[in-house]
Amino acid sequence: MSYKVKQLGPIIFVLIIMLLLAGCGKSVGVAEPKRPPVSGVEIGVVQLQEVEAVHETVGNVKAAHVSVLASKLMGTVLAVHVRQGERVSAGQLLLEIEARDLAAQANAAAAQRQLAQATFERYRRLSESGAISRQDYDVAMTQKNVAEAEYQRVMATMAFAKVTAPMDGVVSDRRVDPGTMVAPGQPLLTVDDPSGYVVETNVEERWASKLSVGVPVTVRIPALNQSFAGSVLEISPSIDSISRTFYVKVSLTGDHLRSGLYARIDFPGAREKILLVPAAAIIRKGQLDGVYAVSSEGVVTFRPIKIGRSFAADTEVLSGLNAGDKLIISGLDKAVDGGKLAESQKP
């Protein structure tokens, strides 16, 4: 009998502990954390919106008309009269090249021209009096013409020693300084016409049937934080067999444009439905883009999202949100991660 009591003692003790714990469980609850109230904000609902699909490509801005001025002579640069970035007028002297050898040739050609002219005049008078044959007269006239042609050739070559602006524009590149030895074909200066600009890009072949000359496009310049209206100016009829793209040139005009700027070009396509949120509602924290989402209980949390294209004041959301989600769209400076909407703020 005493043995059984000793065996039942631990069992009874365990049962008593379990009953006590069960009783405690009924009286103890989990308290909701105290959340700071959030007020003075505006709540919006994420919705699918229909937009025009676009195909984005990249390219570089360049002047619509660019003149690369190269040397036509072998010689030393005597003077450069313009600086890079300077505006010039058509016909303005930009650069001079030494032409001593040509000057000597010009003097010789002028003397030869004068002699041939004098000889021809004498032969002409003799021919009129019948003192010489017609053959002698023709030879003298030919020598005169050859001497004249040589003189004109030398003078035309000498003109190459003075490089002038071919049009009104801006000197966008200067590659030589006084004392530089130049050779025929060597680039000296580049003059851009700033009255118009183009962007050259390559577009995927699947868009070949969707583009035509004159189609309006949007050109975004990240460096200027601006968008410009443009239009398709040229389309290559052939497709590159390696990249599977074709060449497109887009024209555009606007202030502050300059050659070399990086550009993003949006070509219009079919319409599609996407998630859009106001760009002002997006917050950047470090490398993350996110929004202040609001739960059905009014709890505010920072939710990371992946953004896509920009549409005026809205931005596409690729992931992180669903249609119908609520978020704070204004008054973000009053939002608190983990806070709760005040009763007056609940939609």
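As a reminder, the structure under discussion sits directly above these lines.
What comes next is a walk through the structure. Here the structure is a predicted model, which is why all the values come from computation and not from measurement.

**Comments concerning the environment of valine 317**
Structurally, the position occupied by valine 317 is in strand E18 (residues 314-319). Residues in contact with valine 317, not counting those within four places in the same chain, are Leu275, Val277, Ile305 and Lys306.

**Re the sheet that holds strand E4 (residues 75-80)**
Here we have 4 strands laid out as an open sheet, ordered E7-E6-E4-E9, and antiparallel in their pairing. Taken across any chain shown, the strands that pair with only one partner, and hence form the sheet edges, are strand E7 (162-164) and strand E9 (181-182). Looking at chain direction, strand E6 (residues 93-97) and E7 are connected through 3 bridges and run antiparallel. What sits directly across from leucine 95, in E7, is valine 163.

**So, the packing of helix H2 (residues 100-129) against helix H3 (residues 134-159)**
The geometry of H2 relative to H3 is characterised by a closest axis approach of 8 Å and an angle of 160 degrees between their N-to-C directions. Taken together, the axis directions place H2 and H3 in an arrangement best described as roughly antiparallel. Between H2 and H3 lies a crossing whose hand is left-handed. For the contact of H2 with H3, the per-class residue count stands at 16 nonpolar, 6 polar and 7 charged.

**Considerations on the pairing of strand E12 (residues 226-235)**
Looking at chain direction, strand E11 (residues 216-221) and E12 are connected through 6 bridges and run antiparallel. Residue pairing across strands places threonine 218 opposite alanine 229, the latter belonging to E12. Connecting E11 to the next strand, E12, in antiparallel fashion are 4 residues, including asparagine 225 with a positive phi near 55 degrees. Where E12 and strand E13 (residues 245-252) come together, 5 bridges link them in antiparallel fashion. Bridge pairing in E13 places serine 231 opposite serine 251.

**A closer look at the nonpolar core**
With 22 residues, the main nonpolar core has Val219, Ile221, Val248 and Phe267 as its most contacted residues. Counting only elements with at least two residues in this core, the list comes to strand E3 (47-70), strand E10 (187-204), E11, E12, E13 and strand E14 (262-278). Those residues within four positions of valine 219 in sequence are excluded, and the remaining contacts are Val199, Gln226, Ser227, Phe228, Val250, Leu252, Ala263, Arg264 and Ile265. Leu69, Val80, Ile97 and Leu188 belong to the second largest nonpolar core, which has 17 residues in total.

**Here's the deal with the packing of aromatic side chains**
As enumerated under the stated definition, the model contains 2 aromatic pairs in all. Look at phenylalanine 120 and tyrosine 137: their rings are 5.5 Å apart centre to centre, the planes differ by 40 degrees, and that puts the pair in the tilted class. Separated by 17 residues along the polypeptide, phenylalanine 120 in helix H2 and tyrosine 137 in helix H3 bring together distant segments of the chain. Across from the ring centre of phenylalanine 120, 5.3 Å away, lies the NZ or CZ of lysine 144, which sits over that ring. Above the face of the phenylalanine 302 ring, lysine 285 is positioned so that its terminal group lies 4.3 Å from the ring centre.

**Some details on the pattern of salt bridges**
A complete count under the given rule lists 18 salt bridges for this structure. Note that arginine 153 and glutamate 150 form a salt bridge whose closest N and O atoms lie 2.8 Å from each other. Taken as a pair, arginine 153 and glutamate 150 lie in helix H3 at a separation of 3 residues, close to a single helical turn. By relative accessible area, glutamate 150 is classed as partly exposed at 34%. One salt bridge connects glutamate 205 with arginine 244, and the closest N-O pair in it is separated by 3.0 Å. You can see glutamate 205 sitting in the loop between E10 and E11 and its partner arginine 244 sitting in the loop between E12 and E13, a full 39 residues away along the chain. What makes glutamate 205 partly exposed here is its relative accessible area of 33%. Using a relative accessible area of 38% as the deciding quantity, one classes arginine 244 as partly exposed. One network of salt bridges, in which partners are shared, links Glu56, Arg220, Arg264 and Asp266.

Parameters at a glance
- Residues numbered from 1 in each chain as written.
- Predicted model: local features only at pLDDT ≥ 70, side-chain atom pairs only at ≥ 80, totals over all residues.
- Heavy atoms only, no water.
- Helix = DSSP H or I, 4+ residues; strand = E, 2+ residues; numbered from the N terminus.
- Contact = heavy atoms within 4.5 Å.
- Pairing = 2+ DSSP bridges.
- Axes fitted to C-alpha atoms, helices over the stretch in contact; angles between N-to-C directions.
- Parallel < 35°, antiparallel > 145°, perpendicular 65-115°, else oblique.
- Left-handed = near helix turned anticlockwise from the far one by under 90°.
- Nonpolar A, V, L, I, M, F, W, Y, C, P; charged D, E, K, R; others polar.
- Core = buried A, V, L, I, M, F, W, Y, C linked by side-chain atoms within 4.5 Å.
- Buried < 20%, exposed > 50% of the residue type's maximum accessible area, 1.4 Å probe, protein only.
- Phe/Tyr/Trp six-rings, centres within 6.5 Å; stacked < 30°, edge-to-face > 60°.
- Lys NZ or Arg CZ within 6 Å of the ring centre and 35° of its normal.
- Salt bridge = Lys/Arg side-chain N within 4 Å of Asp/Glu carboxyl O.

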